[in-house]
Amino acid sequence: MNSGYEVVIGLEVHVQLRTRSKMFCACRNLTGAPPNSLTCPVCLGLPGALPALNAEAVHVALALGLAVGAEIRPRSAFYRKQYFYPDLPKGYQITQGPVALVEEGHLDIPGDPRVRGAEGPVRIRIERAHLEEDAGKSHHDLDGNASHVDLNRAGVPLLEVVGAPDLRSAAEASDYLKALHRLVVGLGICDGNLEEGSFRCDANVSVRPIGSSTFGTRVEVKNLNSFRFVRQALEHEFQRQTSLLEAGVSVQMETRGWDAAAGETRAQRTKEAAMDYRYFPEPDLPLLTVEPAEIEAVRATLPELPEQRIRRWREAHGLGLDEAQTLAQSPAFAAYFEAVASLSGSGRGAAAWMLGEVSRTLNERGLGIEVFPVTPETLAGLVRLVEARTLGFGAAKDLVFPALLNGERSAEAIVAARGLAQVSDRGAIEGLVVKVLKANPGPVEQIRAGKESLKGFLVGQVLKAGQGRLDAKLVNEVLAELLAKP
């Protein structure tokens, strides 16, 4: 952070909705289809084609609004926002106007103590969340002579979540974005795929002297599609704007893009004002009216929200915030953890395996937890053995877990068949420790003289003598007792 200045950040997040059809037509809302195969006269913007509002998109927007404690506006309208993109066939976008379906909500995040001066949750306001349609997608790297346009995405339902300028660091912006991502994935309204653009954001960034209540000149950084890029782009933009101000140069209001390879933002165009879009009411769509009964019907379907689940896990299992947030990354991952924790009787043990070997395996194989080859019941059996100290963690990780990945269904059976049960007999362990101490008089003398770091060497020698089957905790206890004796 640069002394004397603070950054002010507001995020506009585009959430692509998981509806069966597009926003204003019956074309399928699907990724991965052949280019331009999911189009019709409505999403192609052909003359005479009339839009019809997707009721499912309204319902999922209501779900998000209720989840963030927002006001649901009983009447809202759609407008035409005029601008030119090669992949926007109508030449305008249908979006909600001055009144949005969802307004005045909030998300709570931990807050950045480096800029807040204290630990504790910080409430970030959500000004509005409005329904609109997506544009198509331009591809500039398919051949060297032309750009290609795929209009399958044209008309896909979006919910644009407009956050207030309440964020005060890149870390807070990343935390807010992750919290919103957990929420929309947890509600099942978005697949959350950042790489494919179904969850992406634009950041509005300005800098002002610390203590000032006046906002600086706002710069928009477009289309950030990873949490890491959000942090990098915002940190860079803070440094860039601060350097300009310190040199006596005014910051220009403009739209910039993030160049990840160069690690910098680059000017794209001067920032448009609202008048440039020539908004006017969409003549082919009536007012959107939402009845109280419809709101209550959606409220009744809301699941346990990710932040509620995180708090419950932390209280029940003593998990750290980062651990619980990672476990809540998706409904399927959370459900798998819940099952392992319940069946094993150890939430901490289940969390350690889910965040360790399970996550590593999923990442290496490019899998989701939905197709993980080990059932929660089977993993719970392994967790129980380790927690009961019947099986050492090393043997569990290196021998039993790989066998379970290869289709064996019982950790208990593997341990019995291979003789992997951990030795917890204190007398047997003491005998091995005595032998190791006698065989290593030099390190023993050094440890007793104060060189504690050599204890790890002796523990390793004992475990090696026990062929990896000794209770490591008990080995440490016995070793400490014997070393303390003259």
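Everything here concerns the structure above.
Treat the numbers as computed from the prediction; the structure is a model and nothing was measured.

(A) Summary view of the overall build of the protein chain. Counting its regular elements, the protein chain contains 16 helices and 16 strands. Dimensions along the principal axes, computed over C-alpha positions, put the protein chain at roughly 90 × 55 × 55 Å. By element, 52% of the accessible surface of the protein chain is carried by carbon and sulfur atoms, the whole surface being about 23200 Å². For the protein chain, the centre of its 54 positive side-chain charges and the centre of its 60 negative side-chain charges are spaced 4 Å apart.

(B) Here's a closer look at the pairing of strand 12 (residues 219-224). Of all six residues in strand 12, five are buried; the element is thus mostly enclosed. For strand 11 (residues 199-209) and strand 12, the ladder comprises four bridges, and the chain directions are antiparallel. Directly across from N204, in strand 12, lies its bridge partner E220. For the crossover from strand 12 across helix 4 (residues 227-246) to strand 13 (residues 254-259), the handedness is left-handed.

(C) Molecular detail of the environment of G69. Position of G69 among the secondary structure elements: in the loop between helix 1 (55-67) and strand 2 (71-72). In sequence terms G69 and D398 are 329 residues apart; their C-alpha atoms lie 47 Å from each other. Not counting chain neighbours up to four residues away, the residues in contact with G69 comprise E104 and G105.

(D) Inspection of the packing of aromatic side chains at higher detail. Applying the stated criterion across every chain yields a total of eight aromatic pairs. Grouping aromatic residues by their ring pairs yields a cluster made of Y83, Y85, Y277 and Y279. The side chain of K90 reaches across the aromatic face of Y92, ending 5.6 Å from its centre.

(E) Representation of unusual backbone geometry in the model. Although it is not a glycine, N36 adopts a positive phi angle of roughly 60 degrees. In this fold, N36 is placed in the loop between strand 1 (5-16) and helix 1. On the basis of relative accessible area, N36 is assigned to the partly exposed category, the value being 36%.

(F) Focus on the environment of L17. Relative to the helices and strands, L17 is located in the loop between strand 1 and helix 1. What makes L17 buried here is its relative accessible area of 2%. Taking C-alpha positions, L17 is 31 Å from M253, a pair spaced 236 residues apart along the chain. When near neighbours in sequence (up to four residues on either side) are disregarded, L17 contacts N29, A57, V60, L131, P157, L158, L159 and I189.

(G) Structural view of the environment of H59. Along the polypeptide, H59 turns up in helix 1. On the basis of relative accessibility, which here comes to 34%, the residue H59 falls in the partly exposed class. Separated by 138 residues in the primary sequence, H59 and G197 have C-alpha atoms spaced 22 Å apart. When near neighbours in sequence (up to four residues on either side) are disregarded, H59 contacts E294 and V298.

(H) Representation of helix 12 (residues 411-418) in the model. By the burial criterion, the buried members of helix 12 are A411, I414 and V415. Down the axis of helix 12, the sector holding all buried residues measures 95 degrees, keeping them to one side. Away from its buried face by more than 90 degrees, helix 12 exposes A416 and A417. Considering only its buried residues, helix 12 is in contact with helix 10 (376-387) and helix 11 (393-405). Just beyond helix 12, the residue with positive phi is G419, at close to 60 degrees.

(I) Examining helix 11 more closely. Roughly 30 degrees is the biggest bend found in helix 11, and it falls at L399, with proline P402 one to four residues downstream. Residues A395, A396, V400, F401, A403, L404 and L405 constitute the buried set of helix 11. On its buried face, helix 11 is in contact with helix 9 (347-365), helix 10 and helix 12. A positive backbone phi angle near 110 degrees is found at G407, which sits one or two residues after helix 11.

(J) Highlighting the nonpolar core. Within the largest apolar cluster, 73 residues are counted, with the highest numbers of intra-cluster contacts made by L11, L64, L101, L131 and Y176. Ignoring sequence-local partners within four residues, the contact set of L131 consists of L17, M23, A57, V58, A61, F78, T95, Q96, L101, L158 and L159. L327, I369, L405 and I414 belong to the second largest nonpolar core, which has 39 residues in total.

(K) Region of the structure containing the pattern of salt bridges. Counting across every chain of the model gives 34 salt bridges. A salt bridge links R426 to E477; the shortest N-O distance between them is 4.0 Å. With R426 in helix 13 (residues 426-439) and E477 in helix 16 (residues 472-484), this residue pair connects regions lying 51 residues apart in the sequence. Overall, the relative accessible area of 33% leaves R426 in the partly exposed class. We classify E477 as partly exposed; its relative accessible area is 33%. Salt bridges linked by common partners bring E237, R240, E254 and R256 together as one network.

Rules behind the numbers
Residues numbered from 1 in each chain as written. Predicted model: local features only at pLDDT ≥ 70, side-chain atom pairs only at ≥ 80, totals over all residues. Heavy atoms only, no water. Helix = DSSP H or I, 4+ residues; strand = E, 2+ residues; numbered from the N terminus. Areas by Shrake-Rupley, 256 points an atom, 1.4 Å probe, with all protein chains shown as cover. Lys, Arg positive; Asp, Glu negative; His and termini not counted. Charge placed at Lys NZ, Arg CZ, Asp CG, Glu CD. Buried < 20%, exposed > 50% of the residue type's maximum accessible area, 1.4 Å probe, protein only. Pairing = 2+ DSSP bridges. Right-handed = clockwise from strand over helix to strand, strands pointing away. Contact = heavy atoms within 4.5 Å. Phe/Tyr/Trp six-rings, centres within 6.5 Å; stacked < 30°, edge-to-face > 60°. Lys NZ or Arg CZ within 6 Å of the ring centre and 35° of its normal. Arc of directions from axis to C-beta. Bend = angle between axes of the 7 residues up to and from the residue. Core = buried A, V, L, I, M, F, W, Y, C linked by side-chain atoms within 4.5 Å. Salt bridge = Lys/Arg side-chain N within 4 Å of Asp/Glu carboxyl O.

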